[in-house]
Amino acid sequence: MFNTLTGDTNVDFYRLFQEGGLRSDTYPIMSVSVSETEVYAIGANYLEGHYATWNYFESTKDAPDCDEGFDPLISRKFVENYQNLHGSDEHVSDPMESAYIGVHMWARAVQLAGTFEIPQVRRAAMGQAFDAPQGEVVMQGNHHLSKYIRIGEIQAGGDFKIIYQSAKSIYPEPWNQYVSYSRGHACDFMEGGQGSFYEQNVVKVGLLHNLVSDSKKGKERLDSELAVIKDVNRRGGLIGKLILTVIIGDLSEEDLFLAKVGELSHDEDGPVIFFGDVMHDNAYELAVEGTRMGSTGPPLLMSASRTFGGQCSEAVLHFGSLPNQQLLPAVQYMHNRNVASGLSSEFYIMAPLTLEARALSELEVYIGHEGATVAGSRRPGSASGVRSAVDD
């Protein structure tokens, strides 16, 4: 359950949730608005085992001291000073910490500017770093603060056990990069900046992954690509351009993927390159043939999938292994192992239904070439097919 409720409605929600027989171990709630003060107002017994995400939790004061990384001393002093003023039973929260940061950073900007005049104070605020209770934060040129991300699990006593925290503060992105009207836009109030809403200088790349019928493998590759792209953008992008991703993941059939590739390739503003997996190089080459001949030329495909070889294309660069780089050495190793042990060298091949018959035949030929025999092979497409293979 993802919860964005605020105020007194949270009291009713969590209490009715539990009274309805729903428990955190089977129906955990992730909240973006429940802090320490709400936990004690609602009652920790109603919230134990549920989760919340903030930039700061009071429990950071109890983090271990370490020479590098997060320093809990500032959080500890923040809590102590507040409780000295308002009582030892009082608690601090993320919204309170944000207000605390705001006053400190305004005072620093005034001191740096040497005046209360707004334009000078505003300019002085940008770039200011502050050792906040959550860790060091920085006011960026888009008038938003870089902040840490934390996720906490609510404990029986009402504290948050921090189960995740970012290693450093996260750069603020004011405009949503996942909806069309603001995708690729930013704001910049630094000297010479382009204002509150401008389109960034971007280059588009397409990410082709089956997130329907092969969702786990597709998600793993997509996450890896997105992580690299985020890192490249964080370092300033490529030759003056930030990378904007176009994700195609809601299709499961290769011909549908290729039709979408062809459509995007004919768009002069479409991706300049695709990352993903297509079974047949020549099918991809045909889909992009003749596109953008007056500009960049047909977009390349960068494929990370393993192949059985037998295909090469000017339009496709492969990064997955070929048979001689993984599969064939493995066959050779197992064959030599059997021979050295005085055992008969027989192989039974299990392959996915999607593996072409030609590739399976070539594997059988290689096994025979090594001096081993193939006792049988199957390409199961379901659990019952796997069971039959095991019985065989």
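Residues numbered from 1 in each chain as written. Predicted model: local features only at pLDDT ≥ 70, side-chain atom pairs only at ≥ 80, totals over all residues. Heavy atoms only, no water.

Trainee: Any chance you could explain the sheet that holds strand 2 (residues 30-31) here in plain terms?
Mentor: Hydrogen bonding along the main chain pairs the strands of a sheet, whether they run parallel or antiparallel. Taken in spatial order, the five strands make up an open sheet running 1-2-3-7-8, and their pairing is mixed. Among the strands making up the open sheet, the edge pair consists of strand 1 (2-3) and strand 8 (160-165). Sheet topology note: the strand 2/strand 3 (residues 51-54) ladder contains two bridges and is parallel. Within strand 3, the position partnered with Ser31 by the bridge is Ala52. (Pairing = 2+ DSSP bridges. Helix = DSSP H or I, 4+ residues; strand = E, 2+ residues; numbered from the N terminus.)

Trainee: Explanation requested: the nonpolar core in the structure shown.
Mentor: One finds Leu208, Ile248, Val261, Phe274, Tyr284 and Leu301 to be the most contacted residues of the largest nonpolar core, which totals 16 residues. Breaking this core down by element, the ones donating at least two residues are strand 12 (242-248), helix 8 (254-265) and helix 9 (281-288). Among the elements that make up this core, the one with the highest residue count is helix 8 (four residues). Residues contacting Leu208, with those up to four places away along its chain left out, are Ile248, Phe257, Val261, Phe274, Phe275, Gly276, Asp277 and Leu301. If you look at the next biggest cluster of nonpolar residues, it comprises 14 residues, including Phe17, Val39, Ala52 and Phe57. (Core = buried A, V, L, I, M, F, W, Y, C linked by side-chain atoms within 4.5 Å. Buried < 20%, exposed > 50% of the residue type's maximum accessible area, 1.4 Å probe, protein only. Contact = heavy atoms within 4.5 Å.)

Trainee: Please explain the sheet that holds strand 5 (residues 135-139) as it appears in this structure.
Mentor: With antiparallel pairing, the three strands of this open sheet are ordered in space as 4-5-6. In this open sheet, the two strands that pair with only one neighbour each are strand 4 (129-132) and strand 6 (145-146). As defined by bridge partners, strand 4 adjoins strand 5 across four bridges and the pair is classed as antiparallel. By the bridge assignment for strand 5, Phe130 is matched with Val137.

Trainee: Please clarify how the side chain of Ser313 should be interpreted in this entry.
Mentor: The topology assignment puts Ser313 in the loop between strand 14 (300-303) and strand 15 (316-318). Here Glu285 takes part through its side chain, which lies 3.0 Å from a polar atom of the side chain of Ser313. A polar atom in the side chain of Ser313 sits 3.0 Å from the backbone nitrogen of Ala315. (Polar contact = N/O pair within 3.5 Å; in protein donor to acceptor, adjacent residues only side chain to side chain.)

Trainee: Would you explain unusual backbone geometry in this entry?
Mentor: Excluding glycine, a negative phi dihedral is what most residues carry, and trans is how most peptide bonds are arranged. Positive phi, normally seen in glycine, also occurs at His143, with a value near 70°. Structurally, His143 is set in the loop between strand 5 and strand 6. Given the relative accessible area of 32%, His143 is considered partly exposed. Even without being a glycine, Arg292 presents a positive backbone phi close to 50°. Residue classification places Arg292 among the buried positions, given a relative accessible area of 4%.

Trainee: Would you explain the pairing of strand 11 (residues 202-208) in this entry?
Mentor: Consecutive side chains of a regular strand alternate in pointing toward one face of the sheet and then the other. Of all seven residues in strand 11, five are buried; the element is thus mostly enclosed. Sheet topology note: the strand 11/strand 12 ladder contains seven bridges and is parallel. Pairing of Val205 across the sheet is with Thr245, part of strand 12.

Trainee: It is not clear to me how the pattern of salt bridges should be interpreted in this structure. Could you clarify?
Mentor: A pair can form between side chains of opposite charge whenever their charged atoms are brought close. Counted by the stated rule, this structure contains ten salt bridges. With its nearest N and O atoms 3.0 Å apart, the salt bridge here joins Asp231 to Arg235. With a relative accessible area of 68%, Arg235 lands in the exposed category. Shared partners join several salt bridges into a network, and the residues in it are Asp231, Arg234 and Arg235. (Salt bridge = Lys/Arg side-chain N within 4 Å of Asp/Glu carboxyl O.)

Trainee: Sorry, what's going on with the environment of Leu353 here?
Mentor: As for its position among the elements, Leu353 is in the loop between strand 16 (346-350) and helix 11 (357-369). Linking Leu353 and Arg234, residues 119 residues apart in sequence, is a C-alpha distance of 41 Å.

Trainee: Just to check I follow, could you spell out the side chain of Thr245 for this structure?
Mentor: For Thr245, the position within the fold is in strand 12. Judged by its relative accessible area of 13%, Thr245 falls in the buried class.

Trainee: Got a minute to help me understand the packing of helix 10 (residues 327-340) against helix 11 in this structure?
Mentor: Following both chains from N to C, one finds helix 10 and helix 11 inclined at 35°, their axes separated by 10 Å at the closest point. Crossing of helix 10 against helix 11: the hand is right-handed. Along its contact with helix 10, which presents Leu327, Leu328, Val331 and Gln332, the element helix 11 presents Leu363, Tyr366 and Ile367. The residue makeup of the contact of helix 10 with helix 11, split by class, is six nonpolar, one polar and no charged. (Axes fitted to C-alpha atoms, helices over the stretch in contact; angles between N-to-C directions. Left-handed = near helix turned anticlockwise from the far one by under 90°. Nonpolar A, V, L, I, M, F, W, Y, C, P; charged D, E, K, R; others polar.)

Trainee: Mind showing me how you'd approach helix 1 (residues 9-19) here?
Mentor: Along an α-helix, residues three or four apart share an orientation, since each turn contains 3.6 residues. The complete set of buried residues in helix 1 reads Asn10, Val11, Tyr14 and Phe17. For helix 1, the buried positions fall inside an angular range of 145° around the axis, keeping them on one side. Turned more than 90 degrees away from the buried face of helix 1, the exposed residues are Leu16 and Glu19. Taken together, the buried residues of helix 1 touch strand 1, strand 2, helix 2 (36-42) and helix 3 (44-47). Where helix 1 terminates, the next one or two residues include Gly21, which has phi positive at roughly 90°. (Arc of directions from axis to C-beta.)

Trainee: What am I meant to see in the packing of aromatic side chains here?
Mentor: The geometry of an aromatic ring pair is captured by the separation of the ring centres together with the interplanar angle, meaning the angle of the planes. Enumeration according to the criterion identifies nine aromatic pairs in this entry. A centroid spacing of 5.7 Å and a plane angle of 55° characterise the contact between Phe13 and Phe17, whose relative ring orientation is tilted. Note that Phe13 and Phe17 are positioned in helix 1 at a spacing of four residues, about one turn of the helix. Measuring from centroid to centroid gives 6.5 Å for Phe274 and Tyr284, while their planes differ by 80°, and the two rings are edge-to-face. (Phe/Tyr/Trp six-rings, centres within 6.5 Å; stacked < 30°, edge-to-face > 60°.)

Trainee: Sorry, what's going on with the pairing of strand 7 (residues 150-154) here?
Mentor: Here strand 7 shows a clear split, with Arg150, Gly152 and Ile154 buried on one side and none of Ile151 and Glu153 buried on the other. Two strands pair when backbone bridges link them, and strand 3 and strand 7 are joined in this way by four bridges, in the antiparallel orientation. From the neighbouring strand, Tyr51 faces strand 7, where its bridge partner is Glu153. For strand 7 and strand 8, the ladder comprises five bridges, and the chain directions are antiparallel. If you follow Glu153 over to strand 8, its bridge partner there is Lys161. Where strand 7 folds back onto strand 8 in an antiparallel hairpin, the turn is made up of five residues, including Gly158, whose phi is positive at roughly 100°.

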